[in-house]
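# Understanding the architecture of this molecule
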Amino acid sequence: MDVHRLLKSFGYAFYGIWTALREQNMRIHFISALIVIIAALLTGLTIGEWLIIIMAITLVIGTEMINTAIETLVDLASPDIHPLAKQAKDVAAGAVLVFAIASVIIGLLIFLPKWF
C-alpha cells in the first residue's frame, strides 16, 4: 500500500467536502445538522436514537453531495438547457428532498415524545 497515495486520496475527499459546503443547500443541511446535534445533546438521546439521527444526517448530507456532483457533471456535459439535463438534475434534487423529509419525520418521532 502506498501511504502517500492514500493520504492524497483523503485530501481529495476532504476538498470535495469543502467544495460541497460552498453550495447554499449544503450549508442549510449542515446548519440543520448542527441544530439537531445540539438538540440531541440537550435532550439526552439513547445510543440507538443517536445512531438513527446520525444515519439520517449522513444520508441527507451524502445525498446532497451526490446531487451536487450530478448537477456539476450535467452542467459540464450540457451547458445549454436540455430537457434530459433538467430531468437528471430534478431527479437528483428530488432524492435529496425525499431523504430530508424522512429525516424530519425521524426527528419528530424521536424528539417529540421526549419533549412532551
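Residues numbered from 1 in each chain as written. Predicted model: local features only at pLDDT ≥ 70, side-chain atom pairs only at ≥ 80, totals over all residues. Heavy atoms only, no water.

## Brief notes about the nonpolar core
What counts is decided by this rule: As used in this record, nonpolar core signifies buried Ala, Val, Leu, Ile, Met, Phe, Trp, Tyr and Cys residues forming a set joined through side-chain atoms within 4.5 Å. The rule is simple: take the accessible area with a 1.4 Å probe, protein chains only, and divide by the maximum for that residue type; under 20% is buried, over 50% is exposed, in between is partly exposed. Counting from the N terminus, the helices are the DSSP runs of H or I reaching at least four residues and the strands are the DSSP runs of E reaching at least two. By definition, residues are in contact when any of their heavy atoms lie within 4.5 Å.
Grouped together as the largest cluster of nonpolar side chains are 11 residues: Ala20, Met26, Ala33, Ala39, Ala40, Leu45, Ile53, Ile57, Ile61, Ile110 and Phe111. The element that contributes the greatest number of residues to this core is helix α2 (residues 24–43), accounting for four residues. What Leu45 contacts, discounting residues up to four positions off in sequence, is Ala40, Trp50, Ile53, Ile110, Phe111 and Lys114.

## With respect to the pattern of salt bridges
Basically, it comes down to this: Any Lys or Arg side-chain nitrogen located within 4 Å of an Asp or Glu carboxyl oxygen qualifies as a salt bridge.
Evaluated as defined, the whole model comprises three salt bridges. The residue Asp75 makes a salt bridge to Lys89 at a minimum N-O spacing of 2.7 Å. Of the two residues, Asp75 sits in helix α3 (residues 47–77) while Lys89 sits in helix α4 (residues 83–115), which places them 14 residues apart along the sequence. The exposure class assigned to Asp75 is partly exposed, which follows from its relative accessible area of 41%. Among the ionic pairs, Asp90 bridges to Lys86, the shortest N-O distance being 2.4 Å.

## Overview of the side chain of His29
Tracing the chain through its elements places His29 in helix α2. Classification of His29 by relative accessible area gives buried; the value is 16%. In this structure, His29 is in contact with Val60, Ile61, Glu64 and Val96, ignoring residues within four places of it in sequence.

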